[in-house]
Amino acid sequence: MDHIFQVVYKTLKWISEISGLTYHEVNIIVYYMVVPTLFIFLISKILKSKSLHIGFIIFLLFVVFVISDFEKFATALFEGSVNFLNSFSQVGLNYVQASVVICVIIPTAILAALLYWYKKKPGN
């Protein structure tokens with residue numbers, strides 16, 4: 001799990017370096033915007049409903065324009081996420097393990113399931 005964590009961490013750090021955003025901003029954009037957008041897009045394709053992903057994109061745009069200091073917002077949300085992941089110590093997971101399970105394994109499993117359902121759906 002340490003290796004997976006390091007790969008993800010270094011990738012997010014690299015993105016922050018080339019984009020000029022902070023690590024916290026990149027982390028929040030990836031996990032709170034990009035990943036959910038991908039899930040919503042696939043769900044809307046499975047359900048054949050454009051309104052779901054259009055509504056979510058409108059919501060994201062609204063949030064982005066309402067937040068006056070995205071760096072400050074991202075840092076606060078990141079710190080909340082760290083606290084959430086640290087709470088898994090109650091079930092025997094440290095921060096790194098909880099990060100990999102919650103931020104890599106579960107989203108990958110959800111993505112795989114959504115892609116499976118999308119490919120299996122008649123007409124796709």
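Provided above is the structure to which this section pertains.
Computed from a prediction, not measured in an experiment: that's the story for all the values here.

Parameters and conventions
Residues numbered from 1 in each chain as written. Predicted model: local features only at pLDDT ≥ 70, side-chain atom pairs only at ≥ 80, totals over all residues. Heavy atoms only, no water. Helix = DSSP H or I, 4+ residues; strand = E, 2+ residues; numbered from the N terminus. Buried < 20%, exposed > 50% of the residue type's maximum accessible area, 1.4 Å probe, protein only. Contact = heavy atoms within 4.5 Å. Expected span 1.5 Å × (residues − 1). Bend = angle between axes of the 7 residues up to and from the residue. Polar contact = N/O pair within 3.5 Å; in protein donor to acceptor, adjacent residues only side chain to side chain.

Draft legend 1. Representation of the environment of Met33 within the structure. With respect to the helices and strands, the residue Met33 is situated in helix 2 (residues 23–47). Note on Met33: relative accessible area 14%, which makes it buried. Taking the C-alpha atoms as reference points, Met33 and Ile57, separated by 24 residues in sequence, lie 9.1 Å from one another. Setting aside anything within four residues of it in sequence, one finds Met33 in contact with Ile28, Phe56, Leu60, Val64 and Phe70.

Draft legend 2. Region of interest: helix 5 (residues 95–120). For helix 5, with 26 residues, the first-to-last C-alpha span of 36 Å sits near the 38 Å given by 1.5 Å per residue. When the local axis directions of helix 5 are compared, the greatest deviation, roughly 30°, occurs at Val101. Three or more residues of helix 5 are buried, namely Val96, Ala98, Ser99, Val100, Pro107 and Leu114. Against the buried residues of helix 5 lie helix 1 (2–19), helix 2 and helix 4 (70–86). If you check the start of helix 5, you find a side-chain oxygen 3.0 Å away from the backbone N of Val96, and it comes from Asn94.

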